[in-house]
Amino acid sequence: MQQLTIVKIGGNVIDDEKALSVFLEEFSVLKGKKILVHGGGKLANQLQEKLGVAINLIDGRRITDEETLKIVTMVYAGLINKNLVSKLQSLNCNAIGLSGADANCILANKRNKDEIDYGFVGDIKKVNASFISSCLENNLTPVFSAITHDGHGQLLNTNADTIASELAIALSNNHQVQLVYCFEKNGVLKNVEDDNSLIKTISNSEYLILKEELIINKGMIPKMDNAFNALNKGVKFIQIGNANRLSKLLIEENYEGTRLYN
């Protein structure tokens with residue numbers, strides 16, 4: 001099977017022009033097939049504030065009402081996505097910007113209200129692995145925003161960590177997938193204020209303990225949950241680390257970052 005590298009880039013790096021430039025240069029020269037998945041950064045929040053649209057978050061998760069959906073679609077699937085694609089083109093990486101609605105790439109269901117009504121938030125139902133594989137075979141590099149759809153004309157806001165995980169799972173049937181979560185930190189840290197407190201490896205059972213002890217908490221929990229879900233469903237290689245050291249995250253020995261295993 002062909003090797004495929006799926007990289008999810010976090011919001012804080014998108015907001016830092018210098019860090020983003022270093023990351024994209026490293027990503028552009030990765031060998032083999034690759035996919036980039038990106039979050040939204042602070043731009044959506046800034047635009048919401050300018051337009052007077054309230055920002056509602058619960059445990060770091062955005063409540064996406066109708067007006068917020070318009071803004072995140074414009075920012076995620078529009079400005080940020082096309083900016084990343086144009087920068088990759090300048091680095092001779094033939095990228096194509098996609099949302100989940102394009103070519104029916106990612107079909108999602110609107111999340112049930114249950115205890116919390118997250119609004120127009122989508123939980124992924126199906127990935128069009130055939131179309132995405134055809135892009136890869138034609139030497140295109142898909143760049144996915146965090147926007148999906150429900151198949152009935154409704155766009156949905158979906159967690160970018162989840163998109164990366166579900167893409168990795170769906171494409172692992174025909175590819176040897178490496179899934180890498182990149183952000184501004186060196187990996188999973190025992191102390192978020194200390195960049196030297198890196199945890200080099202974490203198993204599923206160790207993760208549960210770290211979560212119970214609140215060493216891993218808040219926004220890191222959805223990332224880790226998605227990562228271990230991918231491991232449990234056939235993805236063999238998952239790494240979390242610094243976006244500006246992408247190449248060093250992918251080496252087998254003396255790697256940087258945090259490697260996850262079952």
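Summary of the structure given here. Since this is a predicted model, take the numbers as computed values, not measurements.

## Points about the pairing of strand E2 (residues 33-38)
Now for step 1: Of all six residues in E2, six are buried, a share of seventy percent or more.
Now for step 2: Of the two faces of E2, the one carrying Lys33, Ile35 and Val37 and the one carrying Lys34, Leu36 and His38 are both buried.
Now for step 3: Two strands pair when backbone bridges link them, and strand E1 (residues 2-9) and E2 are joined in this way by six bridges, in the parallel orientation. Bridging from a neighbouring strand, leucine 4 pairs with lysine 33 of E2.

## Considering the environment of glycine 11
Now for step 1: Tracing the backbone shows glycine 11 in helix H1 (residues 11-15).
Now for step 2: Sequence separation between glycine 11 and leucine 98 is 87 residues; the distance between their C-alpha atoms is 18 Å.

## A look at the nonpolar core
Now for step 1: In terms of nonpolar packing, the biggest core is built from 78 residues, with Ile6 and Phe23 touching the most fellow members.
Now for step 2: The dominant element in this core, judged by the number of residues it contributes, is helix H4 (residues 66-90), at nine residues.
Now for step 3: Contact partners of phenylalanine 23, with chain neighbours within four places excluded, come to Val7, Ile9, Leu36, Cys182, Ala243, Asn244 and Leu246.

## Notes on the packing of aromatic side chains
Now for step 1: Overall, the coordinates contain two aromatic pairs when judged by the stated rule.
Now for step 2: Look at phenylalanine 23 and phenylalanine 27: their rings are 6.0 Å apart centre to centre, the planes differ by 25°, and that puts the pair in the stacked class. With phenylalanine 23 and phenylalanine 27 both in helix H2 (residues 17-28), this residue pair falls four residues apart, about one helical turn. Accessibility classification places phenylalanine 23 together with phenylalanine 27 in one group, the buried group.
Now for step 3: Summarising the aromatic geometry, the rings of tyrosine 207 and phenylalanine 228 are spaced 5.3 Å apart at their centres and angled 20° between planes, so their arrangement reads as stacked. One end of the pair, tyrosine 207, is in helix H7 (residues 204-212); the other, phenylalanine 228, is in helix H8 (residues 220-232), with 21 residues separating them in the sequence. The two residues tyrosine 207 and phenylalanine 228 agree in class, both being buried.

Calculation notes
Residues numbered from 1 in each chain as written. Predicted model: local features only at pLDDT ≥ 70, side-chain atom pairs only at ≥ 80, totals over all residues. Heavy atoms only, no water. Buried < 20%, exposed > 50% of the residue type's maximum accessible area, 1.4 Å probe, protein only. Helix = DSSP H or I, 4+ residues; strand = E, 2+ residues; numbered from the N terminus. Pairing = 2+ DSSP bridges. Core = buried A, V, L, I, M, F, W, Y, C linked by side-chain atoms within 4.5 Å. Contact = heavy atoms within 4.5 Å. Phe/Tyr/Trp six-rings, centres within 6.5 Å; stacked < 30°, edge-to-face > 60°.

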